[in-house]
Amino acid sequence: MLKGLLAPALSLTLLGASLAISGERQKAKPPDLKLEPLTGWTLHLLSSSHQDIAWMNSPEACMEYRDTHCITPALAMMAQNPDYCFVMENMLNLMEYIERHPERRDEILRFSREGRMEWGATFNQPYESLLSGEQLVRETYFGRKWLKKNFPGCDARVYFNPDVPGRSLQMQQILNKAGIPYIVISRYHEGFYRWQSPDGSSVLAYTPGHYTNASGILGAPPEEGAKLLEDKLAAWGPYYQEHGIPPEFPLLHSVDFSQPTDFGPLIQLWNSRHTAKDSSPQSRMRYSSAAHIFDSLAKANPSLNPVLGERPNLWLYIHGPTHHWAISAQREAGMVLPAAEVFNTAASLLEGTFAHYPAREMGEAWKAAIYPDHGWGGKEGQITDRLFRKKYEFARDRGKDMLEGALLRIAGRVETSASKGTPVIVFNGLSWQRSDPVVITIASSRRDWQVQDAQGKLVPSQVLPPLSLRDEDATRLEFIAANVPGLGYKTFYLSKSETGVASLSRSSPTASVYENDFYEVEFAPGGLRRIYDKEIKADLLNTGKFLGLEVFTMQSLGNGAGEFSRVQQPTMEGFDQLSRHGASWQHDALESGPLKAVFRFQEKLSNCTVVEKIIISNQIKRIDCEVSILDWDGAPYREFRLALPVNAESGQVAYEVPMGVVEVGRSEIPGTGGPAYGNLNYDEPCSEIRPREVQNFLGVSGKEFGLTMSTSVAVNDYQDPTPNPAPYPVLQAVLLASRRSCHGEGNWYLQEGDHHYRFSLTSHAPGWTNGTKSGIQANTPLFPVLGARPANGADLPEEKSFFGISAPNVLVSTIKKCDDDDSVIVRLYNIEGKDAEVDLTSAFTLAGVENVNIIEEEGKPLPCRTKSVKVRLGHHAIETLKLWPKR
């Protein structure tokens, strides 16, 4: 989406500037260096059309347009002209078209096999660091993998994402290991790059500066266009020569909703003027596919400078803060779907058949979980945004249903003992052992319950108040499920107690201070004055400007996305913070008990009411914060944030991205994004761009301690956004922003109503690696099954892990049924910068193991033992294994 719909012809003015800055980044030779002019150019016309799912109109209208104005005319032109080629940027376009026109399947198959009809290798064009790692992987499943399976003999090897000014740290590795070696991007310095991930894998990247730039030249009259092209080739010749790039020049003709274009007059004029003279090679112009261009370049193995790191997304306000409900569903879907795969796989292996594995439903849910692309809002944006939200909610809800079904299937196979009480089987979808709170609902109004483990040891628990008056006939009971094995389950037992619920000693709260074995917490009106870690003996907060976990609001002028060079930052007009209002904390005696102490307050602001709850755990080292913004009236251009000022001046900030971690100031790509077109120049160093897209956690490490905050929102900050900013990190969750679509006919993102958020923090020794697992598991609940009756022949023990991972720095992304056979796919990733030797153990006997690519192809046998395999994962590596269970 060309935000603001600027004319592509403006890009002509940028030719010199783009080359100058691009040349500087690639360390091109000085301008006065005498080089022989490069000859024998081949100009590759890449006829395309930039297509969001919607943006230009409603999704249905845009789908109709793609049919009648893009794909159908392109097929007609290819039928008439055997040289014509056309590119659609993503696979969703083909899926839509073939559903509308199944009768054209053979025609599409023929042109795609010929390489003239090209399809982008991913499902769509996402905000990469918004999606979970497994959601990013599924972009390639519903891209290249889908095409190969549904159109035999066809392939897609180029990833197109030219609009979004952002790149995720590990996306290049995902593409490389999915057999997608090339990417077309833009809004970055014009040129060719070897774009890398930190494991060393890479893709060959091309950016025209902005995807519309060549269209300004190609849209000119042939005589004028030819002259402009001659000047451009002369300017770029030295760059090509220095880097050993063969004289193959791409001309991407792409504008939002551009249509297939006949460049015959320009091609004829160019080729007639550039015939071979004497021994000089001929310069020629031709239609091409992106894959053909890249293949021509790759054969020469040019010496391109590498680009390594995260490019923080400038358009992140378009999703999390302005579409809170939708993105909350997206994040939950990204968590629950892998868990559903893990336990449906385990259930199927226990049953000895995949007959009950919900493969079709799983595919539908994953497709919905990645359906929204980068084009939120726009014309008729309320329709688009509603559709996108429904897709995410469908994925989340379908994932929950499939997970519940799998847990019940497994729970029925566990041999429990009725004499011990009612079984509570607690499942852990993460790959490490953990202890976390679990809440169950008992269909009884009695309150005298207790929980024991399988050995009869009393487990800390407490009764919770009912959620509403309608729930008074049931009892909510919370307990700590200790040491639940990774990728497995552990059984506890619920029974009635003559002495009441198990209780442990705890500190009695005063009006302003609460203390337990881990922390001393001091409250102040509007937030926390102090958190003192009793183990580390350190004050965690610096509350000179903000209290700990304090909500504040600012003016938020701007758009979700747009033709701006820097993130549009909030300003001080209407600034307010809760500490100004004197709201006092109240100890919640009904929710407090042996497990936790709960405090809350409520404060009315001008446009909403803020309710905040602090939950201090007595059994695990964690403090939770729940924030609700109630009755938000949708006032335009307002923003709400939650602040956590960390007492670690010069502390290192780090945060989780898909399948990796970014250290601020160290892990970003170097330099700036550079010129795009006209006056648009991405001139801010990428290391300074903020806020950032965060997966589960962000944190700070100083000399004395590290602090990790789990976050329920996608967009987070780490620097004080007010004048005279604090010199220490201020972690912030960007809760809500009421901005507007930058489309001239676009919608407001006001989000009137109630919004709910949850955060957790814990402290530890310095280093983000010490908080990784706590940061992830606070956002990933344990899953309890209450009262499952053992089926006939139940033979599973009361505690079991289905799969095990020996290396602490290696995490499981998913375990699933293979798409194409009855093997099991295990995807691992090394989240740290050190190599690992991993023993992957299985509760099921293995007949064989293969190392496959990310889309489950190209298997290479690995030696394995009866129930385990040893795998080496290099630093930051993502590896996919195929396990063949023995039948």
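Every value quoted in this text rests on a predicted model; they were computed, and no experiment measured them.

Asker: Looking at this structure, I do not really get the side chain of Lys 232. What am I missing?
Answerer: Residue position: Lys 232 is located in helix α8 (residues 222-242). Classification of Lys 232 by relative accessible area gives buried; the value is 9%. Polar contacts involving the side chain of Lys 232 include one to the side chain of Glu 190, which spans 3.2 Å.

Asker: Quick question: what am I supposed to make of the sheet that holds strand β12 (residues 434-442) here?
Answerer: What the three strands build is an open sheet, ordered β12-β16-β15; its pairing is antiparallel. Every other strand in the sheet has two partners, leaving β12 and β15 (461-464) as the edge strands with one partner each. Taking the axes of each pair of neighbouring strands and ignoring which way they run, one obtains an average angle of 25 degrees across the sheet. Inspection of the sheet shows β15 paired to strand β16 (residues 475-484) by four bridges, in the antiparallel sense. Pairing of Leu 464 across the sheet is with Arg 476, part of β16.

Asker: Would you take a moment to explain the pairing of strand β38 (residues 753-764) for this structure?
Answerer: In the case of a regular strand, side chains alternate between the two sheet surfaces. Where strand β27 (residues 623-632) and β38 come together, eight bridges link them in antiparallel fashion. Note on β38: the bridge partner recorded for Ile 629 is His 755. In terms of strand pairing, strand β35 (residues 706-710) meets β38 through five bridges, oriented antiparallel. Within the sheet, the bridge partner assigned to Met 709 lies in β38 and is Leu 761.

Asker: Explanation requested: the packing of aromatic side chains in the structure shown.
Answerer: Each aromatic ring pair is specified by the distance between its two centres and by the angle formed by the two planes. Taken as a whole and assessed by the stated rule, the structure comprises 33 aromatic pairs. On the numbers, 4.8 Å between centres and 70 degrees between planes, the contact of Trp 41 with Tyr 240 is edge-to-face. Remark: Tyr 240 occurs in helix α8 and Trp 41 occurs in the loop between α1 (15-25) and β1 (42-49); sequence separation between them is 199 residues. For the pair Trp 41 and Tyr 240, a shared accessibility class is recorded, and that class is buried. Residues Tyr 514 and Phe 599 carry aromatic rings whose centres are separated by 5.9 Å and whose planes lie at 65 degrees to one another, so their mutual orientation is edge-to-face. Of this pair, Tyr 514 sits in strand β18 (residues 513-515) while Phe 599 sits in strand β25 (residues 596-604), and the two are 85 residues apart along the sequence. Judged by its relative accessible area of 0%, Tyr 514 falls in the buried class. Put simply, the rings of Trp 41, Phe 192, Tyr 206, Trp 236, Tyr 239, Tyr 240 and Phe 249 pair up and form one aromatic cluster. Above the face of the Tyr 141 ring, Lys 145 is positioned so that its terminal group lies 5.9 Å from the ring centre.

Conventions and cut-offs
- Residues numbered from 1 in each chain as written.
- Predicted model: local features only at pLDDT ≥ 70, side-chain atom pairs only at ≥ 80, totals over all residues.
- Heavy atoms only, no water.
- Helix = DSSP H or I, 4+ residues; strand = E, 2+ residues; numbered from the N terminus.
- Buried < 20%, exposed > 50% of the residue type's maximum accessible area, 1.4 Å probe, protein only.
- Polar contact = N/O pair within 3.5 Å; in protein donor to acceptor, adjacent residues only side chain to side chain.
- Pairing = 2+ DSSP bridges.
- Axes fitted to C-alpha atoms, helices over the stretch in contact; angles between N-to-C directions.
- Phe/Tyr/Trp six-rings, centres within 6.5 Å; stacked < 30°, edge-to-face > 60°.
- Lys NZ or Arg CZ within 6 Å of the ring centre and 35° of its normal.

In short, geometric facts, not functional conclusions.
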